[in-house]
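Descriptive analysis of the structure
Chain by chain, the residues run as shown.
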Amino acid sequence: MFFQKNSIVTVQIEDFEAPLLQFYEKVMAGKKIIAICQLGGQFETGKDGSLTYSGGDAHAIDIDDQMKFKDFKMEVAEMFNCNVTMMSLKYFVPGNKKTLITVSNDKDLKRMIKFHGDSVTTDVYAIMEEIVDPDVSNMPASRSSRTTLSEAVPPVDTSLNVVDDINHPIMPPVAPLDIAVDTNHVDVHIDDTQINLPAEISPILPLVGTDGEKHTKAAQQWQNTITGVGQRFSSVHEFRELLRKYAIAHQFAFRYKKNDSHRVTVKCKAEGCPWRIHASRLSTTQLICIKKMNPTHTCEGAVVTTGHQATRSWVASIIKEKLKVFPNYKPKDIVNDIKQEYGIQINYFQAWRGKEIAKEQLQGSYKEAYNQLPFFCEKIMETNPGSLATFTTKEDLSFHRLFVSFHASLYGFLQGCRPLLFLDSIPLKSKYQGMLLAATAADGDEGVFPVAFAVLDAETDDNWHWFLLQLKSALSTASCPVTFVADKQKGLRESIAEIFQGSYHGYCLRYLTEQLIRDLKGQFSHEVKRLIVEDFYAAAYAPRPEGFQRSLENIKGISLEAYNWIAQSDPQNWANAFFQGARYNHMTSNFGEPFYSWASDANELPITQMVDVIRGKIMELIYTRRADSDQWLSRITPSMDEKLEKENLNVRSLQVLLLAGNTFEVGGETIEVVDLDQWDCSCKGWQLTGIPCCHAIAVIGCIGRNPYDYCSRYFTIESYRLTYSESIHPIPDFDRPVQNDSSQIAVTVTPPPTRRPPGRPSTKKIGSQDVMKRQLQCSRCKGLGHNKSTCKETS
């Protein structure tokens, strides 16, 4: 079938109260039945295949066996302000919630009433149908089968400016969905897909616009695409495309009388107009030749015929070249451009679908990309020795998951980066959806450094476990424990502890905060929630237990429930005062957001192309940062040099007193103890950041040493250059190799069963809420929302 469901109107009665039930009883006395109609809900399929409907705005209509179908359908359409020509009515037979039955005439309506004769009510579903252009249908059909098809004239978007009067009919009535068209069937072969169509019907887009928009300059170039008898074409497909352009240029619509793989007969859609053309295959060749043509029109062109041959595939052919230059060509701009250049009004979804077709034509087949994965992974490891690229399939050979980590990323992380990894994920909006997981690191200049990523069919505990197993294999030479910053959900807590034994897991503060807000059962205002979140962040950033406890007491004064939740949330995994790993004051797992933006820009590409785009971005990142670091003159990276300079500004007011050995007391606003041998200060600033705090700098200066000697080695220019010392090499284009050995069977990978739902993908940004934003932190009291200059706490 060539239909897609856009919206659903249903009929239900469960929630009606006693007065309405009394009304039902009166109606039944008159041998009537109540149809309960509801608009705006949706069907859901249960595990047993049964359909249930939820949501919607309910209305009731009383019907009996004397009511005419057209009157009933019109009343439903008027009740919900729907286009009656685009609506079909369906219902369930009592006891069967798996199959919808269509009501399409008076006999069907009487049969429905008879089926529900013992009931007070019946559930009727009105479904709004949209006709899909058969040019791009993927539905196979046999030559002998009949096609269920309504009148193949796409509905007009009622929001458009459509000329509607006696001389300008918008469209003929749409035939019911379950009535098979069983006369004069012909076979249509379009792009190697066979489709059955009624012989007298062609896909026609109604003309929308004004007479002054005829014969625009862009369309005039097609006026001679059809020249007459004897003209030859390489294929039936080429003939159809040129004929469509010819019709657009000359402002008329046509019908197919015959349309198959070797012959096409077409006539003008206007009643009585003699224009017609017949083309068929030249014997012993694949060429199509026009054999007969009557070029004369007696109709008044577009004024009478009401339509153009403008399909989604035609839209794709028009915009394809522009899409190469402007990949973000928006559907609304496509609508405007086609209106201006060709005088044809299409709606948003026609433009969006046309763009999807053009993208696939430019980018290649999504399906074939999955099938290329075995060879693609081989090429990654062949061109980038030391890399790891592997994938798995499910039992039915459909795609399950793909892991990629380039040698340059692994080497850079192990040689130059802190043993700190951020784990996070984003949903993909590609044709087959899925998720992208990634492990990213922080380089010595606090830049994002991608280490590994995976494309999965879904985000599950098992898939995270598999990802971490591959990451462990890739990092097999790691010599020190790794600290992970990640969500504690999704099975990560158990998987990290099991796979990376001896490592540390710092819970992502952003995810913890979101969970806290969700779990609070009281009715808290936004302002109160904001205060709880501020104190929660202050507790997490507090370097010492007393500061942690002070912030928790503030939360306890607002909500005992929130206080208990935080106290039981394993503070040793997220609070600086208790965390045993080296997190360098990174509290959230979304550090790798720039990497995810690369993936988002490429996630609508076929999977192999998406991975290659990400590879190219990492390659460019390595090259750029390597070149930038060649210009640096300091011993440590610029961002760390700046932090050290800020700490140095606070040294002048401090007094240093030697206690014993290399242990010193530093006095200022507070009294702190510095141990140079252990690189430790009681303020904990040195340990948390890897940069000497002002107290340590004061001591280092007193003994005549250089603060640069006491910065973490990961912040040195030498380590930074090691991070970006290796290169990622391009992956050459390749074709699927031919298997010479018949015993060697290549793995066939098919797309995952999950596909993107119809319509435009949501553009809603997935991320933290505004209450989770990082707050300004005071260096004096460690409180949030202010800095040292505005701090009210006295020394």
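Criteria and cut-off values
- Residues numbered from 1 in each chain as written.
- Predicted model: local features only at pLDDT ≥ 70, side-chain atom pairs only at ≥ 80, totals over all residues.
- Heavy atoms only, no water.
- Pairing = 2+ DSSP bridges.
- Helix = DSSP H or I, 4+ residues; strand = E, 2+ residues; numbered from the N terminus.
- Axes fitted to C-alpha atoms, helices over the stretch in contact; angles between N-to-C directions.
- Phe/Tyr/Trp six-rings, centres within 6.5 Å; stacked < 30°, edge-to-face > 60°.
- Buried < 20%, exposed > 50% of the residue type's maximum accessible area, 1.4 Å probe, protein only.
- Salt bridge = Lys/Arg side-chain N within 4 Å of Asp/Glu carboxyl O.
- Contact = heavy atoms within 4.5 Å.

You'll find the protein entered in an unreviewed UniProt entry as SWIM-type domain-containing protein, with Acer negundo given as the organism.

Notes on the sheet that holds strand E26 (residues 504-507)
As summarised here, the arrangement of the 7 strands in space is E20-E21-E24-E23-E22-E25-E26, forming an open sheet in which the pairing is mixed. The open sheet is flanked by strand E20 (388-393) and E26, the only strands paired with a single partner. Across the sheet, the mean angle from the axis of one strand to that of its neighbour is 20°, orientation sign disregarded. Bridge count for strand E22 (residues 420-427) against strand E25 (residues 483-486) is 3 bridges, and the pairing is parallel. Bridge pairing links leucine 420 to threonine 483 in E25.

Details of the packing of aromatic side chains
The description of an aromatic ring pair uses the distance of the two centres, along with the angle that the planes make with each other. Under the definition given, this model contains 28 aromatic pairs. Their ring planes at 85° and their centres at 6.5 Å tell us that phenylalanine 403 and tryptophan 466 sit as a pair that is edge-to-face. Taken together, the residues phenylalanine 403 in strand E21 (residues 399-405) and tryptophan 466 in helix H13 (residues 461-474) connect sequence positions 63 residues apart. Here phenylalanine 403 and tryptophan 466 have matching classes, each one buried. With a centroid separation of 5.0 Å and an interplanar angle of 85°, the aromatic rings of phenylalanine 548 and phenylalanine 578 are classed as edge-to-face.

A few points about the pattern of salt bridges
Tallied over the entire structure, the rule returns 20 salt bridges. The closest approach of N and O atoms between glutamate 446 and arginine 418, which form a salt bridge, is 2.8 Å. Here arginine 418 lies in the loop between helix H12 (407-416) and E22 and glutamate 446 lies in the loop between strand E23 (435-442) and strand E24 (448-456), a separation of 28 residues in the sequence. For glutamate 546, the salt bridge is made with arginine 544, and the minimal N-O distance between the two is 3.7 Å. Classification of glutamate 546 as partly exposed rests on a relative accessible area of 47%. Given the relative accessible area of 28%, arginine 544 is considered partly exposed. When salt bridges with common partners are traced through the structure, they connect Arg418, Glu446 and Lys643 into a single cluster.

Observations regarding the pairing of strand E28 (residues 663-667)
The sheet contact formed by strand E27 (residues 655-660) and E28 spans 5 bridges and is antiparallel. The residue bridging alanine 660 from the neighbouring strand is threonine 663, located in E28. Remark: 2 residues form the turn of the hairpin made by E27 and E28, two consecutive strands paired antiparallel; glycine 661 in that turn has positive phi of roughly 60°. Taken together, E28 and the strand that follows it, strand E29 (residues 671-675), pair antiparallel across an intervening segment of 3 residues.

Examining unusual backbone geometry
Look at glutamate 446: it is not a glycine, yet its phi comes out positive at around 65°. Looking at glutamate 446, the relative accessible area reads 23%, which means it is partly exposed. The phi dihedral of tryptophan 679 falls on the positive side, at around 50°, and the residue is not glycine. Its location among the elements puts tryptophan 679 in the loop between E29 and strand E30 (680-681).

Observations regarding the sheet that holds E29
Strand order across the open sheet formed by 4 strands is E27-E28-E29-E30, with antiparallel pairing between neighbours. Both outer strands of the open sheet, E27 and E30, are each paired with one neighbouring strand and no more. Here helix H23 (residues 694-702) sits on the sheet in contact with E27, E28, E29 and E30, set at roughly 60° to E29.

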